[in-house]
Amino acid sequence: MSPAPFAPEADPRGFRHALGAFATGVTVVTARGPGGAPVGITANSFASVSLDPPLVLWSPARASRRFGAFAQAPAFAIHVLAADQQALCDAFVRPEQEGLAFAEGPEGLPLIDGCLARFLCRLHALADGGDHAVLIGRVFEASRRDGEPLVFHAGRYGTFGARPEPHPSPDAAA
């Protein structure tokens, strides 16, 4: 059975609900604010763009209190959260971010420990995305560890139940 079509502009709540059908990973993006203080924001709008050059994107909401800090930041770090980091994710949703621990990274980037993957980026491009902006970062350093990711689906957090067989890759040797 196919879902019933509707016009997103006529039903914005329905549009948001439809978008929630797409499960995503959860990230926290960090940067230095205009005064040099660390700033972070929870985001599930993260995607790879290109392998050569290495580009990723994320999309902060223009209505966010932290939007200006990220739109002006020359560099940012994207942290892919592990399944046991939901409390950390929630901490970056709150307006106050005092007491959060950061390590100092290259170019002064505030870094979070314990994440599954981390992408250190310099701003490559900023594009209009309606009520969001699209920030494309050129990755200059990446890291990864094994573990279960924190997943967001239909307004709830969860984990990913991976199947034992790997997905066939077009890059895999026959």
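Look up: the structure comes first, before these words.
All figures in this text were calculated on a predicted structure; none of them were measured in a lab.

1. Overview of the overall build of the protein
Here comes step 1: A count of helices and strands for the protein gives three helices and 12 strands.
Here comes step 2: A compact globule built from 174 residues should have a C-alpha radius of gyration of about 16 Å, and the protein, at 17 Å, falls within 12% of that.
Here comes step 3: For the protein, the C-alpha atoms occupy an extent of roughly 55 × 50 × 35 Å along the three principal directions.
Here comes step 4: For the protein, the share of sequence-separated contacts (at least 6 apart) that also reach a separation of at least 24 residues comes to 65%.
Here comes step 5: Element-wise, carbon and sulfur atoms account for 57% of the exposed surface of the protein, whose accessible area totals about 10900 Å².
Here comes step 6: Each charge class in the protein was averaged separately, 14 positive and 17 negative side chains, and the resulting centres sit 3 Å apart.

2. Concerning the environment of Thr-27
Here comes step 1: Residue position: Thr-27 is located in strand E2 (residues 27-32).
Here comes step 2: Its relative accessible area of 3% is what places Thr-27 among the buried residues.
Here comes step 3: Taking the C-alpha atoms as reference points, Thr-27 and Pro-8, separated by 19 residues in sequence, lie 26 Å from one another.
Here comes step 4: There is a polar contact of 2.6 Å between the side chain of Thr-27 and the backbone oxygen of Ala-43.

3. Side note on the sheet that holds strand E12 (residues 156-159)
Here comes step 1: With antiparallel pairing, the three strands of this open sheet are ordered in space as E1-E11-E12. Of all the strands in the sheet, the pair left with one neighbour each is strand E1 (24-25) and E12.

4. Quick notes on the sheet that holds strand E5 (residues 55-58)
Here comes step 1: One open sheet holds the seven strands; their spatial order is E3-E2-E6-E9-E10-E5-E4, and the pairing between them is antiparallel. Two strands lie at the open edges of the sheet, namely strand E3 (38-43) and strand E4 (46-50), each paired on one side alone. Looking at each pair of strands side by side, their axes are set apart by 35° on average, direction ignored.

5. Side note on the layout of surface pockets
Here comes step 1: One number sums up the size of the largest pocket: a volume of about 1200 Å³.
Here comes step 2: Forming the boundary of the largest pocket are 31 residues, of which Arg-16, Asn-44, Ser-45, His-132 and Phe-152 lie nearest the centre.
Here comes step 3: Considering each element in turn, the lining of the largest pocket owes the most residues, four residues, to helix H1 (residues 12-19).
Here comes step 4: When the residues that make up the lining of the largest pocket are grouped by side-chain class, the tally is 17 nonpolar, 12 polar and two charged.
Here comes step 5: When its volume is computed, the second largest pocket comes out at roughly 160 Å³.

6. Comments concerning the nonpolar core
Here comes step 1: Core analysis: the largest hydrophobic core is formed by 22 residues, its most contacted members being Val-29, Trp-58, Phe-70, Phe-76, Ile-78, Phe-119 and Cys-121.
Here comes step 2: Looking at this core, the elements that each hand over two or more residues are E2, E3, E5, helix H2 (67-72), strand E6 (75-80), strand E9 (117-129) and strand E10 (132-144).
Here comes step 3: Leave out the neighbours within four places in its chain, and Trp-58 touches Val-29, Ile-41, Ala-43, Ser-45, Phe-46, Phe-70, Phe-76, Ile-78, Ala-133, Val-134 and Leu-135.
Here comes step 4: Counting residues in each nonpolar core, the second largest holds seven residues, with Val-26, Val-28, Cys-89 and Leu-150 among its members.

7. Considering the pairing of E4
Here comes step 1: Direction of pairing for E4 relative to E5: antiparallel, over a ladder of four bridges. Bridge pairing in E5 places Ser-50 opposite Leu-55.
Here comes step 2: Taking the residues that link successive antiparallel strands as the turn, the E4-E5 hairpin has four residues.

8. Section: the environment of Ala-127
Here comes step 1: Looking at the secondary structure, you find Ala-127 in strand E9.
Here comes step 2: Between the alpha carbons of Ala-127 and Ser-59 there is a distance of 9.5 Å; along the sequence they are 68 residues apart.
Here comes step 3: Those residues in contact with Ala-127 that sit more than four places away from it in its chain are Arg-62, Ala-133 and Val-134.

Cut-off values and rules
- Residues numbered from 1 in each chain as written.
- Predicted model: local features only at pLDDT ≥ 70, side-chain atom pairs only at ≥ 80, totals over all residues.
- Heavy atoms only, no water.
- Helix = DSSP H or I, 4+ residues; strand = E, 2+ residues; numbered from the N terminus.
- Rg over C-alpha atoms; globule rule 2.2 N^0.38 Å.
- Contact = heavy atoms within 4.5 Å.
- Areas by Shrake-Rupley, 256 points an atom, 1.4 Å probe, with all protein chains shown as cover.
- Lys, Arg positive; Asp, Glu negative; His and termini not counted.
- Charge placed at Lys NZ, Arg CZ, Asp CG, Glu CD.
- Buried < 20%, exposed > 50% of the residue type's maximum accessible area, 1.4 Å probe, protein only.
- Polar contact = N/O pair within 3.5 Å; in protein donor to acceptor, adjacent residues only side chain to side chain.
- Pairing = 2+ DSSP bridges.
- Axes fitted to C-alpha atoms, helices over the stretch in contact; angles between N-to-C directions.
- 1 Å grid on protein atoms, 1.4 Å probe; cavity = no way out; pocket = protein on both sides within 12 Å on 5 of 7 lines; lining within 4 Å.
- Points joined across faces, edges and corners; volume = space filled by probe spheres on them.
- Nonpolar A, V, L, I, M, F, W, Y, C, P; charged D, E, K, R; others polar.
- Core = buried A, V, L, I, M, F, W, Y, C linked by side-chain atoms within 4.5 Å.

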